[in-house]
Amino acid sequence: MTDIVQAAWHKILTTAGESARPHGTPLPGLFTEMVRVAYAEPQLRRLYPWTGMWELHFSRCTEIRYTWDIPYIGTLGNGRYYVEGPSRNNPRIVETDSAQAAVAAVVERLPPHCGPAFVGSPDELAAYERAREGG
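Sequence positions are assigned chain by chain, starting from 1 and proceeding in written order. Selection of residues for local features in this predicted model requires a pLDDT of at least 70, selection of side-chain atom pairs for listing and counting requires 80 or more, and totals for whole chains, interfaces and linings are taken over all residues. Hydrogens and water are ignored here; the side-chain numbers use all heavy atoms of the structure.

### A word on helix H4 (residues 99-108)
Throughout, exposure labels follow a simple rule: accessible area from a 1.4 Å probe, protein chains only, divided by the maximum for the residue type, with under 20% read as buried, over 50% as exposed, and the rest as partly exposed. Secondary structure elements are taken from DSSP: a helix is a run of H or I of four residues or more, a strand is a run of E of two residues or more, and numbering for both begins at the N terminus. Within H4, the full set of buried residues consists of Ala99, Ala102, Val103, Ala105, Val106 and Val107. Under the rule applied, a polar contact is a pair of N or O atoms within 3.5 Å (in protein, one hydrogen donor and one hydrogen acceptor; residues adjacent in sequence only if both atoms are side-chain atoms). The N-terminus of H4 is capped by Ser98, whose side-chain oxygen sits 3.2 Å from the backbone nitrogen of Gln100.

Dropping the structure here:
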């Protein structure tokens, strides 16, 4: 794991659940659990994590305009998790009351040869992959 990826995970792990959400909302606890379970999965820990809208996303590169080729996990207000993606245009894959089941659903759908995260942009990653494949 690169220092960049480790730092991103550290930031999310240490700030998970911090938000301006109203007191008593179940989302911070659910989100924190989801992040911890995802980090415990070696295949996901190699990817660059980013968050938004109480969702945990995984990128194959470290710079913005992250890759959108890996499903992501979100929290629902009723104590459940969902897995969608890899893009916002794809239908929901699963809803579950288990962070472990949500993480497993993402791992099952990882692209071949996924990780470790490439240090750079999606365009640089694409050029690197083309060169590696000889094309």
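### Side note on the packing of aromatic side chains
Two aromatic rings from Phe, Tyr or Trp, using only the six-membered ring of Trp, form a pair when their centres are within 6.5 Å; if the ring planes differ by under 30 degrees the pair is stacked, by over 60 it is edge-to-face, and anything between is tilted. Per the stated rule, a full pass over the model turns up 8 aromatic pairs. Taken together, a centroid distance of 5.3 Å and an interplanar angle of 85° make the contact between Phe31 and Trp54 edge-to-face. Note that Phe31 is positioned in helix H2 (residues 27-40) and Trp54 in the loop between strand E1 (48-52) and strand E2 (55-59), a separation of 23 residues in sequence. Each member of the pair Phe31 and Trp54 is classed as buried. An aromatic cluster of at least three residues, connected via ring pairs, comprises Tyr48, Trp50, Tyr66, Trp68 and Tyr72.

### Let's talk about helix H1 (residues 3-15)
Expected helix span is given by 1.5 Å per residue-to-residue step, counting one fewer step than there are residues. In this model, H1 (13 residues) spans 18 Å end to end at C-alpha, consistent with the 18 Å of a helix rising 1.5 Å per residue. Taken together, the buried positions of H1 are occupied by Val5, Ala8, Trp9 and Ile12. Angular distribution of buried residues about the axis of H1 spans 95°; they occupy a single face of the element. Turned more than 90 degrees off the buried face of H1, the exposed positions are Asp3 and Lys11. The directions considered for the arc run from the helix axis to the C-beta atoms.

### So, the sheet that holds strand E3 (residues 72-76)
What the 5 strands build is an open sheet, ordered E1-E2-E3-E4-E5; its pairing is antiparallel. Every interior strand has two partners, whereas the edge strands, E1 and strand E5 (94-96), have only one. Going from strand to strand, the sheet's axes swing by 20° on average, the running direction of each strand aside. By definition, two strands form a pair when at least two bridges between them are found by DSSP. Where E2 and E3 come together, 2 bridges link them in antiparallel fashion. Every axis corresponds to a line fitted to the C-alpha atoms, with the helix fit spanning only the stretch in contact, and the corresponding angles, defined between N-to-C directions, vary from 0 to 180 degrees.

### Regarding the pairing of E2
In terms of burial, E2 is largely enclosed, as 5 of its 5 residues are buried. Neither face of E2 is left uncovered, since the one carrying Glu55, His57 and Ser59 and the one carrying Leu56 and Phe58 both have all their residues buried. Bridge count between E1 and E2: 5 bridges; the pairing is antiparallel. What sits directly across from Gly52, in E2, is Glu55.

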